[in-house]
Amino acid sequence: MTPEDRREHGEEQPRVIVRDKRRIDPSGALREPDSAPGAAADPAPGPAIDPAAAARGAADAQVAELTETLQRLKAEYDNYRRRAERERLALVEVATGNVLYQLLPVLDDLERARSHGDLVGAFGSVGEALIMVTSKLGLEPYAEPGEAFDPHMHEAVMAVEPTQEATEAVVAQVFRPGYRHAGRVLRPAQVSVSEPAPSEPAPSEPAPSEPAASEPADGDATEDHARGERAPLE
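This is a predicted model, so every value here is computed, not measured. (Residues numbered from 1 in each chain as written. Predicted model: local features only at pLDDT ≥ 70, side-chain atom pairs only at ≥ 80, totals over all residues. Heavy atoms only, no water.)

Chemist: Give me the pattern of salt bridges: which residues, what numbers.
Modeler: All chains considered together, the criterion is met by eight salt bridges. One salt bridge connects D78 with K74, and the closest N-O pair in it is separated by 3.1 Å. Residue D78 and its partner K74 are located together in helix 2 (residues 51-115), separated by four residues, close to a single helical turn. A relative accessible area of 52% places K74 in the exposed class. Notably, a salt bridge pairs D109 with R112, separated by 2.4 Å at the nearest N-O pair. Placement of both D109 and R112 in helix 2 is noted, with a separation of three residues, approximately one turn of the helix. For D109, a relative accessible area of 44% puts it in the partly exposed group. Residue classification places R112 among the partly exposed positions, given a relative accessible area of 47%. A single salt-bridge network, built from bridges that share partners, covers K74, D78 and R81. (Salt bridge = Lys/Arg side-chain N within 4 Å of Asp/Glu carboxyl O. Helix = DSSP H or I, 4+ residues; strand = E, 2+ residues; numbered from the N terminus. Buried < 20%, exposed > 50% of the residue type's maximum accessible area, 1.4 Å probe, protein only.)

Chemist: Got a sec to walk through the layout of surface pockets? Specific residues and values, please.
Modeler: In this structure, the largest pocket encloses a volume near 310 Å³. The wall of the largest pocket is formed by 17 residues, among which E111, R114, P141, P177 and Y179 lie closest to the centre. Elements that contribute at least two residues to the lining of the largest pocket include exactly helix 2, helix 3 (121-136), strand 3 (139-142) and strand 5 (170-176). When the residues that make up the lining of the largest pocket are grouped by side-chain class, the tally is eleven nonpolar, two polar and four charged. (1 Å grid on protein atoms, 1.4 Å probe; cavity = no way out; pocket = protein on both sides within 12 Å on 5 of 7 lines; lining within 4 Å. Points joined across faces, edges and corners; volume = space filled by probe spheres on them. Nonpolar A, V, L, I, M, F, W, Y, C, P; charged D, E, K, R; others polar.)

Quick look at the structure:
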């Protein structure tokens, strides 16, 4: 069907509209159409990122984090180990002190036997060996006459005559020695105590006597008597 036939039958041919936004430059060359208004400009290209450098940075950060965590765990473990060692040593000292406390009556018997000259022969060898072992374990006897009296270390059972030379309470005689272990007193020493002598008060000086009233001389008394005799009688 031709266009004329279509017009006769009332059919219109669709119109084709062609729009070319390109403009002719005065030089005769075609110009590209301007960009649409409001279109964002292309961002400037940034510096190129090296994937290897980025991987190394991430690895270094992870190594630093793991190193810090390891150092913290090591410090906590060192503190725990030192605390456990202190507790172990304290338990050992307490257990050793309890054993040595049970041996104190035996040591008292050995000391009395030594003072009487009975610590001889096989019995003496065993006794000396026991005393040496307790000394190696840290048992220390104390209390000597003349040392200062300490109520935390000495048990006063009696008091003796005070001494003039002493300036404080001192041990006069030791009845039973005391023992300590690792700085802890296992048993106080039984002693007698001598207190310092009380200081005598200084003699008081006599108060100065008041001067006596002066008596009239003999000549004055005679003159007064004469004036009395010459006085007229009323």
